[in-house]
Amino acid sequence: MKKPLTKTSPIGIFDSGIGGLTVAKAVMDALPNEDIIYFGDSARVPYGIKSQETVRNYSNQIARFLIQKGVKMIIIACNTASAAANDSVQHAAGKVPVLNMIDAGTYGAIRSGKKAIGVIGTLATIGSGAYEKSLKQADSSLIVKSKACPLLVPLAEEGWIDNEVALKTLDIYLNTFKSNGVEALILGCTHYPLFKTVIQDYFNGKKLDIIDSAEAVAASAKSKLELKQLLNNSDQPGVLNCYVSDRPQRFYELAERFLGRKPENVFVESLKD
Ligand code: DGL
């Protein structure tokens, strides 16, 4: 049975694995009194090289799990899942509002006022054309240039953010944006905020706005909850409970890199159809 939505209900956030903790962190910074249930599908990560259908199936299972937990909002922190599964997750969620990273990144890009927008993401996100579609829907005069950067996910997980290999890889992926007229760059993957400073330095000298979808989605979560009068008014700090679909050890070890601190509560949950 579905639980009623109240101000004290938690916010549900999900991702293919650990990267969505960058989104959880942004939400916790913007809404420090909210409880959060985070689901990381660590048994089936990565999503970024899988088909849309597979990602949709996984995402629907997670959405049902979060709804059972009584969340008052679902944030699809994974850009790949946002591109493949927003509609089906919204369907599974019923009246519970669903936010996704594509809308958030689009909003950030429009707010920047720039007309030529670059997007980087996984193979599946870029292959889906979801960002391009959403940006053009918001403003048909925008010029959009996209680039898949698949190696940035394993580099971020390895903690290779600014070493020789990372800098060379970033140069190979990003040098096209030095000369193709792009004025703002959307970081369209959970892992890319870790490279934010390095990317800013890389473009040093060229005026390029970096759009962090994690911050944009946290801001939309806040205004949506305000509008629905579902903001938690408690003066207590919110609690983060993490669920993962595989052994929690690696999640636990890597979490700090993405969250900025160790997560206290990590539970294993294997999902069923
Ligand atoms: N979370 C994914 C995304 O934001 C990156 C990792 C993966 O490929 O699963 O697209």
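Residues numbered from 1 in each chain as written. Predicted model: local features only at pLDDT ≥ 70, side-chain atom pairs only at ≥ 80, totals over all residues. Heavy atoms only, no water.

Caption draft 1: Expanded view of the sheet that holds strand β1 (residues 11–15). The sheet built from 6 strands is open, its strands ordered β4-β3-β1-β2-β9-β10 with parallel pairing. Strands at the two margins of the open sheet, each flanked by one partner only, are β4 (98–100) and β10 (265–268). If you compare each strand with its neighbour and ignore which way they point, the axes differ by 20° on average. Sheet topology note: the β1/strand β3 (residues 73–76) ladder contains 4 bridges and is parallel. Note that in β3 the partner of Ile13 across the bridge is Ile75. The sheet strands contacting helix α1 (residues 21–30) are β1, β2 (36–40), β3 and β9 (240–244), and the helix crosses β2 at an angle near 170°. (Pairing = 2+ DSSP bridges. Helix = DSSP H or I, 4+ residues; strand = E, 2+ residues; numbered from the N terminus. Axes fitted to C-alpha atoms, helices over the stretch in contact; angles between N-to-C directions. Contact = heavy atoms within 4.5 Å.)

Caption draft 2: Representation of helix α6 (residues 130–138) in the model. Residues of α6 that are buried: Ala130, Tyr131, Ser134 and Leu135. Across the axial projection of α6, the buried residues extend over an arc of 125°, all falling on one side. Opposite the packed face of α6, turned more than 90 degrees from it, sit the exposed residues Lys133 and Gln137. (Buried < 20%, exposed > 50% of the residue type's maximum accessible area, 1.4 Å probe, protein only. Arc of directions from axis to C-beta.)

Caption draft 3: Expanded view of the layout of surface pockets. Reported here for the largest pocket is a volume of approximately 500 Å³. Taken together, 27 residues form the lining of the largest pocket, with Val45, Pro46, Val153, Glu157 and His191 sitting closest to its centre. Broken down by secondary-structure element, the contributors of at least two residues to the lining of the largest pocket are α3 (79–93), α7 (152–158) and α11 (248–259). Along the lines of polarity and charge, the residues of the lining of the largest pocket split into 13 nonpolar, 9 polar and 5 charged. Each pocket or cavity is described by its volume, and for the second largest pocket that value is around 350 Å³. Lining the second largest pocket are 17 residues, with Ser82, Ala83, Asn86, Ala130 and Lys133 positioned closest to its centre. The set of elements that each furnish at least two residues to the lining of the second largest pocket consists of α2 (52–68), α3, α4 (101–112) and α6. Residues belonging to the lining of the second largest pocket are distributed by class as follows: 5 nonpolar, 8 polar and 4 charged. (1 Å grid on protein atoms, 1.4 Å probe; cavity = no way out; pocket = protein on both sides within 12 Å on 5 of 7 lines; lining within 4 Å. Points joined across faces, edges and corners; volume = space filled by probe spheres on them. Nonpolar A, V, L, I, M, F, W, Y, C, P; charged D, E, K, R; others polar.)

Caption draft 4: Representation of the nonpolar core. Counting 74 residues, the largest nonpolar core has Ile13, Leu21, Ile75 and Ile199 as the members making the most contacts within it. In contact with Ile13, not counting residues within four places along its chain, are Gly20, Val23, Ala24, Val27, Ile36, Ile37, Tyr38, Phe39, Leu66, Ile75 and Ala77. By size, the runner-up hydrophobic cluster in this structure holds 23 residues, among which are Tyr58, Ile62, Val89 and Val98. (Core = buried A, V, L, I, M, F, W, Y, C linked by side-chain atoms within 4.5 Å.)

Caption draft 5: Summary view of α11. Taking 1.5 Å per residue, 12 residues should reach 16 Å; α11 reaches 15 Å between its end C-alpha atoms and fits that length. The complete set of buried residues in α11 reads Phe251, Leu254, Ala255, Phe258 and Leu259. Axial view of α11: buried residues confined to an arc of 140°, hence all on one face. Buried positions along α11 lie against α1, β2, α7, β9 and β10. A positive backbone phi angle near 85° is found at Gly260, which sits one or two residues after α11. (Expected span 1.5 Å × (residues − 1).)

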